[in-house]
Amino acid sequence: MLTKVGIFFSNPGAKFSPASSASATHFQVSYGMSSRLIYNIRQLVNARMESHLLRGAELNSLPCIDNAWIFIEGDQIADFGPMSELPADLLDRITRSRQNAWGSGTGDTVIDAAGQFVLPAWCDSHTHLVFAGSREEEFVDKIRGLSYAEINARGGGILNSARKLGAASEDSLFNEAWKRLEELRRLGTGAIEIKSGYGLTVEGELKMLRVIKKLKERSSVSIKASFLGAHTYPSEYKDDHAGYIDKIINEMLPVIARERLADYIDVFCEKGFFDAAETETICRAGMSYGLKPKIHANQLNLSGGVQVGVKLGAISVDHLETMDEDTIAVLKNSNTIGTLLPTAAFFLRMPFQPARLLIDAGCAIALASDFNPGSSPSGNMNLVVAMSCIQMKMLPEEAINAATLNGAYAMELGDSLGSLTPGKRANLLFTRPIPSLAYLPYAFGSDLIDKVMIGGEFV
Ligand code: NIG
Ligand code: FE
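Along each chain, residue indices are assigned from 1 in the same order as the chain's sequence is written. Whichever chain is written first is A, and whichever ligand is written first is 1; the rest continue in order. It should be noted that, the model being predicted, local features are given only for residues of pLDDT at least 70 and side-chain atom pairs only at 80 or more, the latter also being counted only at that level, while totals for whole chains, interfaces and linings use all residues. Only hydrogens and water are removed before side-chain values are computed, so all heavy atoms of the structure are retained for them.

Turning to the packing of helix H5 (residues 170–186) against helix H6 (residues 202–218), a few remarks are in order. Interaxial angles span 0 to 180 degrees and are taken between N-to-C directions of axes, which are lines fitted to C-alpha atoms, for helices over the stretch in contact. Put simply, DSSP marks the helices as runs of H or I at least four residues long and the strands as runs of E at least two long, and each gets a number from the N terminus on. Orientation of H5 relative to H6, taken along the N-to-C sense of each, is 50 degrees, at an axis distance of 10 Å. If you check the angle between H5 and H6, you find them oblique. Two packed elements cross with a definite hand, and for H5 against H6 that hand is right-handed. For the pair H5 and H6, the contacting residues are Glu-170, Asp-171, Leu-173, Phe-174, Ala-177, Trp-178 and Leu-181 in the first and Lys-207, Arg-210, Val-211, Lys-214, Leu-215 and Arg-218 in the second. Here the word oblique covers every angle except those under 35 degrees (roughly parallel), over 145 (roughly antiparallel) and from 65 to 115 (roughly perpendicular). The crossing is said to be left-handed when, going from far helix to near helix, the turn is anticlockwise and less than a right angle, and right-handed when the turn is clockwise. Two residues qualify as a contact provided that any one of their heavy atoms is within 4.5 Å of a heavy atom in the partner residue.

A covalent bond bridging the sulfur atoms of two cysteines is what the word disulfide describes. We call a pair of cysteine sulfur atoms a disulfide whenever their separation is within 2.5 Å. In total, this model carries 0 disulfides according to the counting rule given. No disulfide involves Cys-64; its nearest neighbouring cysteine sulfur is the one of Cys-389, lying 14 Å away. Burial classes follow relative accessibility: with a 1.4 Å probe on protein chains only, a residue under 20% of its type's maximum area counts as buried, one over 50% as exposed, and anything between as partly exposed. Its relative accessible area of 31% is what places Cys-64 among the partly exposed residues. Its sulfur unpaired, Cys-283 is 8.5 Å from the next cysteine sulfur, which belongs to Cys-269.

Let us look at unusual backbone geometry. For Asn-67, which is not a glycine, the phi torsion comes out positive at approximately 45 degrees. Here Asn-67 shows up in strand S5 (residues 64–73). Judged by its relative accessible area of 42%, Asn-67 is partly exposed.

This paragraph deals with the domain arrangement of the protein. Residue ranges for the domains originate in an automatic or database domain assignment. When its domains are assigned, the protein resolves into domain 1 (2–120 + 421–458) and domain 2 (122–409). For domain 1 and domain 2, the distance between their C-alpha centroids amounts to 33 Å. Facing the 28 residues of domain 1 at the interface are 35 residues of domain 2. A simple way to read buried area is as the amount of 1.4 Å-probe accessible surface that goes missing from two parts once joined, with both sides added. Of the roughly 2400 Å² buried between domain 1 and domain 2 on both sides combined, carbon and sulfur atoms contribute 65%. Contact with domain 2 buries area across many residues of domain 1, yet Leu-53, Arg-55 and Leu-59 alone supply 25% of it, more than any other trio. We count a salt bridge whenever a side-chain nitrogen from Lys or Arg sits within 4 Å of a carboxyl oxygen from Asp or Glu. There are 0 salt bridges connecting domain 1 and domain 2.

Right, let's talk about a nonpolar patch on the surface for a bit. Patch membership requires more than 30% relative accessible area and the absence of a salt bridge. Residues of like charge join within 9 Å; the nonpolar side chains Val, Leu, Ile, Met, Phe, Trp and Tyr join within 5 Å. Calculation of accessible area relied on Shrake-Rupley with a 1.4 Å probe; when residues are assessed, cover is drawn exclusively from the protein chains displayed. A grouping of Phe-139, Val-140 and Ile-143 is seen on the molecular surface, where their side chains present a nonpolar patch of about 250 Å² in accessible area. In this fold, Phe-139 is placed in helix H2 (residues 136–143).

Quick look at the sheet that holds strand S11 (residues 222–230) now. Pairing between strands is defined by DSSP: at least two bridges between them are needed. What the 8 strands build is an open sheet, ordered S9-S10-S11-S12-S13-S14-S15-S16; its pairing is parallel. Only two strands of the sheet have a single neighbouring strand rather than two, namely strand S9 (122–124) and strand S16 (365–367). Looking at each pair of strands side by side, their axes are set apart by 25 degrees on average, direction ignored. Here helix H7 (residues 241–258) sits on the sheet and contacts S11 and strand S12 (264–269); the angle it forms with S11, its principal contact strand, is near 150 degrees.

Moving on: H6. Each helix should span, by expectation, one fewer than its residue count multiplied by 1.5 Å. For H6, with 17 residues, the first-to-last C-alpha span of 24 Å sits near the 24 Å given by 1.5 Å per residue. Among all positions of H6, only Val-202, Gly-204, Glu-205, Leu-206, Lys-207, Met-208, Leu-209, Val-211, Ile-212, Lys-214 and Leu-215 are buried. Check the buried side of H6 and you find it contacts helix H4 (158–167), H5, strand S10 (189–195), S11 and H7.

This next bit is on the pairing of strand S15 (residues 337–340). Side-chain alternation along S15 places Ile-337 and Thr-339 on one buried face and Gly-338 and Leu-340 on a second face that is also buried. Two elements, strand S14 (residues 316–319) and S15, share 4 bridges in a ladder whose sense is parallel. Bridging from a neighbouring strand, Ser-316 pairs with Ile-337 of S15. Seen with its strands pointing away from the viewer, a crossover is right-handed when the path leading from the first strand over the helix to the second is clockwise. The handedness of the S14 to S15 crossover, carried by helix H10 (residues 325–332), is right-handed. Strand direction decides the pairing type here: S15 and S16, joined by 3 bridges, are parallel.

Residues are classed as near a molecule or strand on a simple rule: at least one heavy atom within 4 Å of it. With respect to spatial proximity, 15 residues lie near ligand 1, and among them Tyr-148, Tyr-198, His-231, Gln-299 and Ser-375 are the closest. Here a polar contact means two N or O atoms within 3.5 Å. Within protein one must be a hydrogen donor candidate and the other an acceptor candidate, and residues neighboring in sequence count only if both atoms are side-chain atoms. Here a nitrogen atom of ligand 1 and a side-chain polar atom of His-231 are 2.8 Å apart. Side-chain polar atom of Ser-375 to an oxygen atom of ligand 1: 2.5 Å apart, as the coordinates give it. The fraction of the free accessible surface of ligand 1 (330 Å²) that becomes covered by protein chains is 100%. Note on residue classes: Ala, Val, Leu, Ile, Met, Phe, Trp, Tyr, Cys and Pro are nonpolar, Asp, Glu, Lys and Arg are charged, and everything else, Gly too, is polar. Here the shell around ligand 1 is composed, by residue class, of 4 nonpolar, 9 polar and 2 charged.

Excluding water, the donors of a metal are its N, O and S neighbours within 2.8 Å, or within 3.2 Å for Na, K and Ca, and that exclusion means sites may look incomplete. Every protein donor of the iron ion (ligand 2) is listed here as His-126 (NE2), His-128 (NE2), His-296 (NE2) and Asp-370 (OD), and their distances to the metal cover 2.1 to 2.2 Å. Counting along the primary sequence, the residues that act as donors to the iron ion (ligand 2) give the motif H-x1-H-x167-H-x73-D. Placement of His-128 in the loop between S9 and H2 and of Asp-370 in the loop between S16 and helix H13 (381–392) is noted, with a sequence separation of 242 residues between them. As far as the burial class goes, His-128 and Asp-370 line up, both buried.

Turning to H13, a few remarks are in order. The buried count for H13 comes to 9 of 12 residues, which makes it a mostly enclosed element. Along H13, the positions that sit buried rather than exposed are Met-381, Asn-382, Val-384, Val-385, Ala-386, Met-387, Ser-388, Cys-389 and Met-392. Where H13 ends, the next residue or the one after it, Lys-393, has phi of about 60 degrees, a positive value.

This is the structure we're talking about:
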């Protein structure tokens, strides 16, 4: 529920900005964009005057303001505070909006968010959102007893998606991906990383990355692209791993770099896929074109991927279902983020990632959906947060920080997204009236998102 109580028109286009960055209460007027004042907010969540990547115990500290207001100017957060300290000029806006209720025109809006919690939109830092069709037939095979590795070994899994992708046109691929992205936007995702990796040929990988580029250009969601040519070996290179790696490095990467199609280089570092040495070679090649590594590591085995990632200064190492003490020690002594993907563990009936051990050791962790047709056919970050609390014993505060601020840092977007901070982009979630913040992961499966704002505009 969200009530727009009125629209006001004086000072059309007036621009307000904090008089001093330390104060949340004084505004100066200038001219330019439209603004939105949201008031009576039951609780403003993850509201910080500054932000940094959170590690270990810091994850449990989630700054919130009860009975709050937030002021949005254009596509950015201008300021916020408790209702008891609402500046007089903003109070005046509320009063006038009530008097002029429902005028017409394109004025600035004043919104009563009574009973609602307002959070930063989710930052989903690991997905495979671009894919063709689906793989529910393998899902049924798994119910009948086959393992994920067995399905891959008989030419299913990633290769199944690669065949489907090969047959799909760029337009149909874009349309499918666009629908998924729109669904996620309504579920509260405001930033997302998307990987290639179902092409496995020069044309196929370029097709996927061009679709991601088009999504970037057309969506209000902030998007980062990762090149994952090293997702698996195409069947014709089953016995010629060096040949495929050569193709990735010498045929795919130069074009991708020339067309600026990727921000990151990713490798599926896993037994039966790419080993640690191959992962390092491919990542170094990507790095020579300016692509920083974000690596699939330790999903099914202790693959050495975490060690390679840390050694190369990867932005993140992702999955981490299979960890031991040494690997946790390597991660905690690094600037690399550990990205946990609980819905993938859930869907594959694997042990969940050891979030408690990682947090208690002092690691910086993020949460992401891994949205893909094989191991996580859902990109719903509300479910990711709930599952992290239910199955990985993360506290709601930790899960929310990991799915917002640290997710933003895992896409190098921490300076502009992930928390409610003056100067950051206005990507906001409005919950339906709920009794407490913990109710969000507790009542998993309920649709508790009332409205989503991306870049100052309601979705
Ligand atoms: O992150 N594990 C590797 N890649 C994906 C799954 C890809 C697929 O099965 O299509 C993942 O889980
Ligand atoms: Fe993945």
